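Chain and residue survey
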Amino acid sequence: MTLLWLGEDSGTHFPPLDQALNEPNGLLAAGGDLSTERLLSAYTKGIFPWYCDGQPILWWSPDPRMVLRPDQFHCSRSLRKTLRKAGWQITLNTCFDAVIDACAAPRYEEEGTWITRQMRTAYCNLHCEGWAHSVEVCFDGELVGGLYGVAINQVFFGESMFSRRSDASKISLFALSRSLDKAGFALIDCQMHTPHLESLGARTLPRRQFIGQLQRHCNTLKKWQSALISVDELRN
């Protein structure tokens, strides 16, 4: 099957999801741009961008899809023990740039990053317009973990997380899950399966079911009126 190339003048058009490749899983189209309008259109259709420097923009919709229901985050005994330590602080949208930069830093097993300069600019624009959000986890005043993603109506589309201290990224996802559950969100999109996400309560959904959830819970462009619960609330 020939991969569809999107021109920058193609508006928010994407091919039908049944045209996504099986190998690599979910690759749907290439090209286009990372404008706010195209990104919001992509997310509501179950599509996201993922590519590296030197590649065109690549658009994906894998099958199955990894998702976490906000009320089903698995908080282990060890994580609760970690949370009981003094010094933790959790904030929302206080340093989006720092979080995305930390997520973009190469991991020990990787040589590069998929968060290109173009991607960084696009998501910082989404943040300035109220669509993208960051959760920051600090310990004794130092940023040690966090995540960022895009919230549309009742769905949060997770993009990346980082950790510089044991359990810091887990704490950020736990805080996000509890906060989204309190706000009536239905789903956190985690994109691709990993054993780490599965251990935290995430599960896979066939793409058809995932799209059905989006049609139900992401059918209007509504922003999240951001509010984050406190560390003390997580400890309860």
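Everything below is about the structure printed above this text.
Residues numbered from 1 in each chain as written. Predicted model: local features only at pLDDT ≥ 70, side-chain atom pairs only at ≥ 80, totals over all residues. Heavy atoms only, no water.

Turning to the overall build of the protein, a few remarks are in order. The secondary structure content of the protein amounts to 8 helices and 11 strands. The C-alpha atoms of the protein give a radius of gyration of 17 Å, which matches the 18 Å a tight globule of 236 residues would have. Considering only C-alpha atoms, the protein reaches an extent of 55 × 35 × 30 Å along its principal axes. Across the 236 residues in the protein, those meeting the buried criterion constitute 52%. Counting contacts in the protein only where the partners sit at least 6 residues apart, residues at least 24 apart contribute 75% of the total. Across the protein, the 24 positively charged side chains and the 25 negatively charged ones have centroids separated by 9 Å. (Helix = DSSP H or I, 4+ residues; strand = E, 2+ residues; numbered from the N terminus. Rg over C-alpha atoms; globule rule 2.2 N^0.38 Å. Buried < 20%, exposed > 50% of the residue type's maximum accessible area, 1.4 Å probe, protein only. Contact = heavy atoms within 4.5 Å. Lys, Arg positive; Asp, Glu negative; His and termini not counted. Charge placed at Lys NZ, Arg CZ, Asp CG, Glu CD.)

Another aspect to go through is the pattern of salt bridges. Evaluation of the coordinates by the stated rule reveals 7 salt bridges. For Asp189, the salt bridge goes to Arg65, with nearest N and O atoms at 2.9 Å. Separated by 124 residues along the polypeptide, Asp189 in strand 10 (residues 187–191) and Arg65 in strand 5 (residues 65–68) bring together distant segments of the chain. Judged by relative accessible area, which is 1%, Asp189 ranks as buried. Under the relative-accessibility criterion, Arg65 is labelled buried at 1%. One salt bridge in this structure joins Asp101 and Arg120, with 2.6 Å as the shortest N-O distance. (Salt bridge = Lys/Arg side-chain N within 4 Å of Asp/Glu carboxyl O.)

Our focus in this paragraph is helix 3 (residues 96–104). The set of residues buried in helix 3 consists of Phe96, Val99, Ile100, Ala102, Cys103 and Ala104. Where helix 3 is buried, its residues meet helix 4 (117–128), strand 7 (132–139), strand 8 (142–152) and strand 9 (155–163).

In terms of nonpolar packing, the biggest core is built from 51 residues, with Trp59, Tyr123, Tyr148, Val150 and Phe157 touching the most fellow members. Tallying contributions element by element places helix 3 first for this core, with 6 residues. Counting 34 residues, the second-largest nonpolar core is a separate cluster that includes Leu79, Leu83, Leu147 and Cys190. (Core = buried A, V, L, I, M, F, W, Y, C linked by side-chain atoms within 4.5 Å.)

To continue, consider the sheet that holds strand 7. Sheet strands pair by backbone hydrogen bonding; their relative direction is either parallel or antiparallel. The 7 strands lie next to each other as 6-7-8-9-10-5-11, forming an open sheet whose pairing is mixed. Either end of the sheet is taken by a strand with one partner, and the two such strands are strand 6 (88–92) and strand 11 (203–205). Averaged over all neighbouring strand pairs, the angle between strand axes comes to 30°, with direction disregarded. Strand direction decides the pairing type here: strand 7 and strand 8, joined by 8 bridges, are antiparallel. Across the sheet, residue Ser134 finds its bridge partner in strand 8, namely Tyr148. Together, strand 5, strand 6, strand 7, strand 8, strand 9 and strand 10 form the strand contacts of helix 5 (residues 168–182), whose direction differs from that of strand 9 by roughly 160°. (Pairing = 2+ DSSP bridges. Axes fitted to C-alpha atoms, helices over the stretch in contact; angles between N-to-C directions.)

Once that is clear, we can look at the packing of helix 1 (residues 36–44) against helix 4. Across the interface, helix 1 lies against helix 4 with an axial gap of 10 Å and an inter-helix angle of 85°. Classified by the angle between their axes, helix 1 and helix 4 sit roughly perpendicular to one another. Contacts between helix 1 and helix 4 pair Thr36, Leu39, Leu40 and Tyr43 from the former with Ala122, Tyr123 and Leu126 from the latter. Here the contact of helix 1 with helix 4 is composed, by residue class, of 6 nonpolar, 1 polar and no charged. (Parallel < 35°, antiparallel > 145°, perpendicular 65-115°, else oblique. Nonpolar A, V, L, I, M, F, W, Y, C, P; charged D, E, K, R; others polar.)

Bringing a positive patch on the surface into the picture now. Taken together, the side chains of Arg80, Lys81, Arg84, Lys85 and Arg165 make up a positively charged region of the molecular surface. Inspection of the secondary structure puts Arg165 in the loop between strand 9 and helix 5. (Patch = residues over 30% accessible without salt bridge, like charges linked within 9 Å, V, L, I, M, F, W, Y side chains within 5 Å. Areas by Shrake-Rupley, 256 points an atom, 1.4 Å probe, with all protein chains shown as cover.)

This part takes up unusual backbone geometry. Peptide bonds are mostly trans, and most non-glycine residues show a negative phi. The residue after Glu23, namely Pro24, is reached through a cis peptide bond having omega -5°. Mapped onto the elements of the fold, Pro24 is located in the loop between strand 1 (4–6) and strand 2 (27–31). The peptide bond linking Asp63 to Pro64 adopts the cis configuration, its omega dihedral lying at 5°. Its place among the elements puts Pro64 in the loop between strand 4 (58–60) and strand 5. Here the phi dihedral of Asn93 falls at roughly 60°; this positive angle occurs in a residue that is not glycine.

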